[in-house]
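# Secondary and tertiary structure notes
Residue strings, one per chain:
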Amino acid sequence: MIKVMIKTRKHVQFMVPVPYAVLNCLGALLSSQLLWKQIKKWTNQTKADPWLPDSLDKEMFNLIVSSLKKHKGLTLVDADLQENMKVKIIL
C-alpha cells in the first residue's frame, strides 16, 4: 500500500492510502485501447502525435506494481514546501 501524507500550513495532517489493487485497476484502465480511441476523439487528433500513444502495455504496469510491492517502506518523496507544508510518499 502506498501512503501519501500531506501536512498543511495550519498543521492539518492527513494520509491517503492507495492500495495496490487500485494501481492494478488503473493499469488495466490505462492500457485499454477503447480508452485511447476515446481520448483521441476528445482531443480531435487526426494524425499521429508523439505525446499521445496508441495504447499502453498492461504487462508494464503489472511489472511496476510488483516491483513496488518488493520495496515496502521505501520513501519516494519527502518534500518540505512553503512554510510548514510537507508531502511524503512511502511505499
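Residues numbered from 1 in each chain as written. Predicted model: local features only at pLDDT ≥ 70, side-chain atom pairs only at ≥ 80, totals over all residues. Heavy atoms only, no water.

## Points about the packing of helix α1 (residues 20-30) against helix α3 (residues 58-70)
Two elements in contact, α1 and α3, have axes whose closest approach is 9 Å; the angle formed by their N-to-C orientations is 165°. As far as their axial angle goes, α3 and α1 are roughly antiparallel. Every pair of crossing elements has a handedness; the one defined by α1 and α3 is right-handed. Touching Tyr20, Leu23, Asn24, Gly27, Ala28 and Leu30 of α1 are Lys58, Phe61, Asn62, Val65, Leu68 and Lys69, all from α3. Looking at the contact of α1 with α3, its residues break down into 7 nonpolar, 3 polar and 2 charged. (Axes fitted to C-alpha atoms, helices over the stretch in contact; angles between N-to-C directions. Helix = DSSP H or I, 4+ residues; strand = E, 2+ residues; numbered from the N terminus. Parallel < 35°, antiparallel > 145°, perpendicular 65-115°, else oblique. Left-handed = near helix turned anticlockwise from the far one by under 90°. Contact = heavy atoms within 4.5 Å. Nonpolar A, V, L, I, M, F, W, Y, C, P; charged D, E, K, R; others polar.)

## Regarding the sheet that holds strand β3 (residues 75-80)
Here 4 strands make up an open sheet; going across it, the order is β2-β1-β4-β3 and the pairing antiparallel. A strand with exactly one partner marks an edge of an open sheet, and here the two such strands are β2 (13-18) and β3. Sheet twist, expressed as the mean angle between neighbouring strand axes with direction ignored, is 10°. Pairing of β3 with strand β4 (residues 86-90), which is carried by 5 bridges, proceeds in the antiparallel orientation. The partner of Ala79 across the bridge, within β4, is Val87. (Pairing = 2+ DSSP bridges.)

## A word on unusual backbone geometry
Even without glycine at this site, His11 takes up a positive phi of about 60°. Its location among the elements puts His11 in the loop between β1 (2-7) and β2.

These results come straight from atomic positions and should not be treated as a statement about function.
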